[in-house]
Amino acid sequence: MTHLPALFMLRAMRSMPATKGYDMERFIRLLTRKNIQQLAGLMATVCFACASACSPLPGHWRPGWNEHKTEGTPVAETAASWEMTDLETQDGRFIGLAISGGGSRAANFGGAVMLELQQRGLLNQVDVISGVSGGTLPAVYYGLGDKAGPFEAEAVRKTLGYDFQRNWLWRWLLPHNIFRFWFTDFTRSDIMVQVFNAHLTHKATFADLRRHPKILLNSTVHNDHTRFTFTDNRFTSLHSNLATYHIANAVNASSAFPGAFDDVTLENYSPQDPAALKALGVDPVRYFHLYDGGPIDNLGIQAIVEYLNRNVTGPRGAKAFPNSCLIFVVDATPASEHPEFNLRQSSRRFADYFINTNVLDAMDAMLIESRRSNLVRSGIPPEKQDQEVRGHFSINDQTGCGCEIRHIALRHLAYMPESAEAPGLAYRATRINTKFWVSKEEQDDLFMAAKLLVKELEDDQLLPSPDLKPTCDRRR
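Residues numbered from 1 in each chain as written. Predicted model: local features only at pLDDT ≥ 70, side-chain atom pairs only at ≥ 80, totals over all residues. Heavy atoms only, no water.

A tally of helices and strands in the protein yields 19 helices and nine strands. Evaluated residue by residue, the protein yields a buried proportion of 54% over its 476 residues. Residue pairs in contact within the protein that sit at least 24 positions apart in sequence constitute 80% of those at least 6 positions apart. Accessible area of the protein: about 21,200 Å², with a carbon and sulfur share of 54%. (Helix = DSSP H or I, 4+ residues; strand = E, 2+ residues; numbered from the N terminus. Buried < 20%, exposed > 50% of the residue type's maximum accessible area, 1.4 Å probe, protein only. Contact = heavy atoms within 4.5 Å. Areas by Shrake-Rupley, 256 points an atom, 1.4 Å probe, with all protein chains shown as cover.)

Structure follows, in structure tokens:
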């Protein structure tokens, strides 16, 4: 199993609920049953590759490499853009939807919340959807419209409940993937792109997105640890064309968990004068390498705030959204505590005999801290971040109005009265591990959680309505 990334193995091992029979024995069977000859061939290939110490074959073997846009070539504008259009301003108010990361847990919770908003006639009023990691899956499924499938409960459940992780593992055994992985620049991430293309985006490009709402997919730039949002504007700066770029590559870039997946690479075709850059103390950048967007902003709020700040600064801003501004933050962050360690002499678990899993806990701690700081900027203090559903985000408009925040969080379930429909839901839903599959029982819990959380907002009259006004002095 040397071909299987160690950290992804640990995620998979930790995600197997013993109550459903997913023990270590089944895990080994999952990886080794059938295709033993192909696995043996893989090991032989590995040994040959190591013995020959060969370098990757030249050229781009990775699918979906971003194309060079030559001068004078017209570029089609897509829904992944910072530009504000009449489609966003025609109703006089702004509604944004940020969907957090968290693998299939986040994908299904985000999709379930979107269905609840759709039932209330609100989803079609959303102007911008920002997704991170697992949150990009429902974002692009909705943004692609009929190209992906109907946005109905049965279809959403089938698509987002798919076992992407298992398909990714089996594709390792395909002969053409084995060859390309060991002898070219083809990576583990490219195998997951195949899975997303086959079962989510169906080889769609950004040109296939509907014009409304805007769809913003976010990742992290490995070069300088900044946020990268896939937009027409950013690709134009690379002298590339986003309209022809496969959405599956962007989804993978946003969800490329470090240690399990390789970076997704973008080539910078813009002219660069090395001498001039050296005089400025700046190094030329030929490539950008992208991975999981979670370390920068695992909630997806920052891209929506940037969209607003780019468009409401100046005279236009005072008139763009006179009837209010609201951002839904769909937060699939799970419980992060380990109370089981309180009375144990050692924190070592089975997997720790091979590789210490505390590296995963350290990553989770960084995501929790990122979440905490983003919610503070959203007007929700640390001590109330799981209880309070209301917040406020300041933007650079002339009125100083800002945006209302509605925080729809799995962890808020613990502060709600227990539902007779789903006793124990808060405990179960917040302990679904981060992975790219969910069981039917886990999916049912996530959809029930969305139903209860959105119903609470509705009962408290916190959903958008004609009565919702900006929290500012309108006389200014």
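Here the narrative resumes.
Moving on, we get to the packing of helix 6 (residues 136–143) against helix 10 (residues 188–201). Their axes nearest at 11 Å, the elements helix 6 and helix 10 cross at an angle of 50°. As the angle between them shows, helix 6 and helix 10 are arranged oblique. Contacts between helix 6 and helix 10 involve Leu137, Val140 and Tyr141 from the former and Phe196, Leu200 and Thr201 from the latter. Residue classes in the contact of helix 6 with helix 10 are distributed as five nonpolar, one polar and no charged. (Axes fitted to C-alpha atoms, helices over the stretch in contact; angles between N-to-C directions. Parallel < 35°, antiparallel > 145°, perpendicular 65-115°, else oblique. Nonpolar A, V, L, I, M, F, W, Y, C, P; charged D, E, K, R; others polar.)

Before going further, it helps to examine the confidence of the model for the protein. Detailed reading of the predicted model is not advised wherever pLDDT is low. In this model, the protein carries an average pLDDT of 84, and 80% of its residues clear a pLDDT of 70 or more. Of the regions scoring below 50 in pLDDT, residues 1–6 engages in 17 contacts with residues more than four places distant in sequence or in other chains. (pLDDT = per-residue confidence, 0-100.)

This next bit is on empty space enclosed by the protein. Enumeration according to the criterion identifies four cavities of 30 Å³ or more in this entry. Of the voids in this model, the second largest cavity is the one considered here, and its volume is about 60 Å³. Around the second largest cavity sit Arg62, Pro63, Gly64, Trp65, Asp190, Tyr245, Asn249, Val264 and Thr265, which together line it. In the lining of the second largest cavity, the residues fall into four nonpolar, three polar and two charged. (1 Å grid on protein atoms, 1.4 Å probe; cavity = no way out; pocket = protein on both sides within 12 Å on 5 of 7 lines; lining within 4 Å. Points joined across faces, edges and corners; volume = space filled by probe spheres on them.)

This part is about the pattern of salt bridges. In the structure shown here, the tally under the stated rule is 18 salt bridges. Between glutamate 404 and arginine 406 there is a salt bridge, with its nearest N and O atoms 3.3 Å apart. By relative accessible area, glutamate 404 is classed as buried at 12%. When its relative accessible area of 3% is taken as the criterion, arginine 406 is described as buried. Two residues, lysine 435 and glutamate 442, come together in a salt bridge whose shortest N-O distance is 3.3 Å. Across the pair, glutamate 442 and lysine 435 agree in class, each one buried. (Salt bridge = Lys/Arg side-chain N within 4 Å of Asp/Glu carboxyl O.)

Nonpolar side chains collect at one region of the surface, where Phe350, Tyr353, Phe354 and Ile355 lie side by side and expose about 470 Å² of accessible area between them. Here phenylalanine 350 shows up in the loop between strand 7 (325–331) and helix 17 (358–377). (Patch = residues over 30% accessible without salt bridge, like charges linked within 9 Å, V, L, I, M, F, W, Y side chains within 5 Å.)

Within the secondary structure, aspartate 232 sits in helix 11 (residues 232–237). If we ignore the near neighbours within four places in the chain, the residues touching aspartate 232 are Ala76, Glu77, Thr78, Ala80, Ser81 and Leu242.

Its 20 residues give helix 19 (residues 440–459) an end-to-end C-alpha distance of 28 Å, which sits within 8% of 28 Å, the value for a rise of 1.5 Å per residue. One or two steps after helix 19, the chain reaches glutamine 461, where phi turns positive at roughly 55°. (Expected span 1.5 Å × (residues − 1).)

The biggest cluster of nonpolar side chains holds 94 residues, and the ones touching the most others in it are Leu97, Phe109, Phe206 and Phe230. Filtering out sequence-adjacent residues up to four positions away, phenylalanine 230 remains in contact with Ala80, Phe206, Leu217, Ser219, Phe235, Leu242, Tyr245, Ala250, Ala253, Leu266 and Leu290. Ranked by size, the runner-up nonpolar core spans 25 residues in total, among them Val305, Tyr307, Ala320 and Ile405. (Core = buried A, V, L, I, M, F, W, Y, C linked by side-chain atoms within 4.5 Å.)

This part is about the environment of serine 336. Assignment of secondary structure puts serine 336 in the loop between strand 7 and helix 17. Accessibility expressed as a relative area gives 32% for serine 336, which makes it partly exposed. Residue contacts for serine 336: discarding those within four places in its chain leaves Ile368 and Arg411.

With that out of the way, let us pick up the pairing of strand 3 (residues 214–221). With respect to burial, strand 3 is a largely interior element, eight of its eight residues being buried. In the sheet, strand 2 (residues 128–132) pairs with strand 3 via five bridges, with the strands oriented parallel. Paired with isoleucine 129 across the strands is isoleucine 215, a residue of strand 3. Note: strand 3 against strand 4 (residues 226–229), four bridges, orientation antiparallel. Directly across from asparagine 218, in strand 4, lies its bridge partner threonine 229. Hairpin geometry of strand 3 and strand 4 is characterised by an intervening segment of four residues between the two adjacent antiparallel strands and by a positive phi of about 60° at histidine 225. Sheet topology note: the strand 3/strand 6 (residues 287–291) ladder contains two bridges and is antiparallel. Counted as the bridge partner of threonine 220 is tyrosine 291 from strand 6. (Pairing = 2+ DSSP bridges.)

It is worth spelling out the packing of helix 8 (residues 164–171) against helix 10 at this point. With their axes 9 Å apart at the nearest point, helix 8 and helix 10 run at an angle of 125° to one another. By the criterion of interaxial angle, the relationship of helix 8 to helix 10 is oblique. Of the two possible hands of crossing, helix 8 and helix 10 adopt the one that is right-handed. Where helix 8 approaches helix 10, its residues Phe164, Asn167, Trp168 and Arg171 are matched on the opposing element by Arg188, Ile191, Met192, Gln194, Val195, Phe196, Ala198, His199 and Leu200. Counted by class, the contact of helix 8 with helix 10 contains eight nonpolar, three polar and two charged residues. (Left-handed = near helix turned anticlockwise from the far one by under 90°.)

Within the structure shown, the criterion is met by 18 aromatic pairs. Here the aromatic rings of tyrosine 162 and phenylalanine 164 are separated by 5.3 Å at their centres, their planes lie at 80°, and the arrangement is edge-to-face. Phenylalanine 164 gets classed as buried once you look at its relative accessible area, which sits at 0%. Judged by centre distance (6.3 Å) and plane angle (15°), the rings of phenylalanine 206 and phenylalanine 230 are stacked. Placement of the pair is phenylalanine 206 in the loop between helix 10 and strand 3 and phenylalanine 230 in the loop between strand 4 and helix 11, with a sequence separation of 24 residues. (Phe/Tyr/Trp six-rings, centres within 6.5 Å; stacked < 30°, edge-to-face > 60°.)

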